[in-house]
Amino acid sequence: MAGRLNIWRWVVLGLAALYFLVPLAASVIFTVDVPGEGVTFDAYTQIVSADGFTSSLVLSLELAAATIAVVLLLMVPAMVALRLGAPRLRPVVEVICSLPLVVPPIAFVAGIATVLKWGPDYLSRTPLFETFVAIQNPSFPFILVLAYVVMALPFVYRALDSGLRAIDVKTLVEAARSCGAGWPQALVQAVLPNLRGALLNASFLTLALVLGEFTVAQLLGFQPFAVWIYSVGGSNAQLSVAVSVLSLVVTWALLLTLAGVGGRDKTAESRG
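As a starting point, this report considers the structure included with it. Keep in mind that this is a model prediction, so the values were computed, not measured.

1. Description of the environment of valine 232
For step 1, the next point in the chain: Its place among the elements puts valine 232 in helix α12 (residues 225-233).
For step 2, the next point in the chain: Between the C-alpha atom of valine 232 and that of aspartate 51, which follows or precedes it by 181 residues, the distance is 9.3 Å.

2. Some thoughts on the pattern of salt bridges
For step 1, the next point in the chain: Counting across every chain of the model gives 5 salt bridges.
For step 2, the next point in the chain: A salt bridge links arginine 83 to aspartate 161; the nearest nitrogen and oxygen atoms lie 3.4 Å apart. Pair noted here: arginine 83 is in helix α3 (residues 53-85) and aspartate 161 is in helix α7 (residues 142-165), with a separation of 78 residues, a long-range link.
For step 3, the next point in the chain: By relative accessible area, arginine 83 is classed as partly exposed at 31%.
For step 4, the next point in the chain: Measuring nitrogen to oxygen at the nearest pair gives 3.8 Å for the salt bridge that ties glutamate 94 to arginine 90. With glutamate 94 and arginine 90 both in helix α4 (residues 90-102) and 4 residues apart, the pair spans about one turn of that helix.

3. A look at the packing of α3 against helix α8 (residues 169-178)
For step 1, the next point in the chain: Running from N to C, α3 and α8 point in directions that differ by 95°, and their axes come no closer than 9 Å. With respect to their mutual orientation, α3 and α8 come out roughly perpendicular. For the pair formed by α3 and α8, the contact residues are Val80, Arg83 and Leu84 on the first element and Val169, Lys170 and Val173 on the second.
For step 2, the next point in the chain: Per-class residue counts for the contact of α3 with α8 are 4 nonpolar, no polar and 2 charged.

What counts as what
Residues numbered from 1 in each chain as written. Predicted model: local features only at pLDDT ≥ 70, side-chain atom pairs only at ≥ 80, totals over all residues. Heavy atoms only, no water. Helix = DSSP H or I, 4+ residues; strand = E, 2+ residues; numbered from the N terminus. Salt bridge = Lys/Arg side-chain N within 4 Å of Asp/Glu carboxyl O. Buried < 20%, exposed > 50% of the residue type's maximum accessible area, 1.4 Å probe, protein only. Axes fitted to C-alpha atoms, helices over the stretch in contact; angles between N-to-C directions. Parallel < 35°, antiparallel > 145°, perpendicular 65-115°, else oblique. Contact = heavy atoms within 4.5 Å. Nonpolar A, V, L, I, M, F, W, Y, C, P; charged D, E, K, R; others polar.

Rendered as structure tokens:
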């Protein structure tokens, strides 16, 4: 029975690998095999010099870092407080955090655009008008961070909820409090170290979401990396596919880097 299970496991893994690797290999072949010229890597050498590549990639990474920081600062204290003080509200919070999954992105961005258009008409003589202008700054559109935080809530909630289920939060906090730690210190020094895996998983999912999100940024008129790839595809299909392959590699590299950092931290703790 165990041998049969191992065989089926390898079969499933092999089919999954084919499902992901065959399209990726076809994309790479399309970018390097030029009819009449043979194999060339011009599509990849042109990426760095392409107009808007560096600025759009840096913008996406900045948005990802800000989104991860905001959503974790929002959700971690809320989830811990929910676990300690109001466990009966957990289903309510779960439903609220799951709403972005059932709201179409086009409807979500339409609501954001309506609010942004409404602001100048009714708040032009108030200090809030400057806030509406500031969050739409093209160099760093904070409105995208707010939108991405909402879109990331279902994934961050699931990751943190799984991590909190695996530890006894109440005992950890009570032990820290009995040693004289305040609530913030108990959260940072007693709870967060035991949530490192959950925090990394939430960061992985949020990073992948921000780097690949297109609809909200495009309709609001901003150009992070995903929108730049689309705009390049209209003029140079081969370069667009090359950038897509590179973006996938960059995303994997970032995720593996975060995973490696988490793994080294765990190894250091086990040795200590």
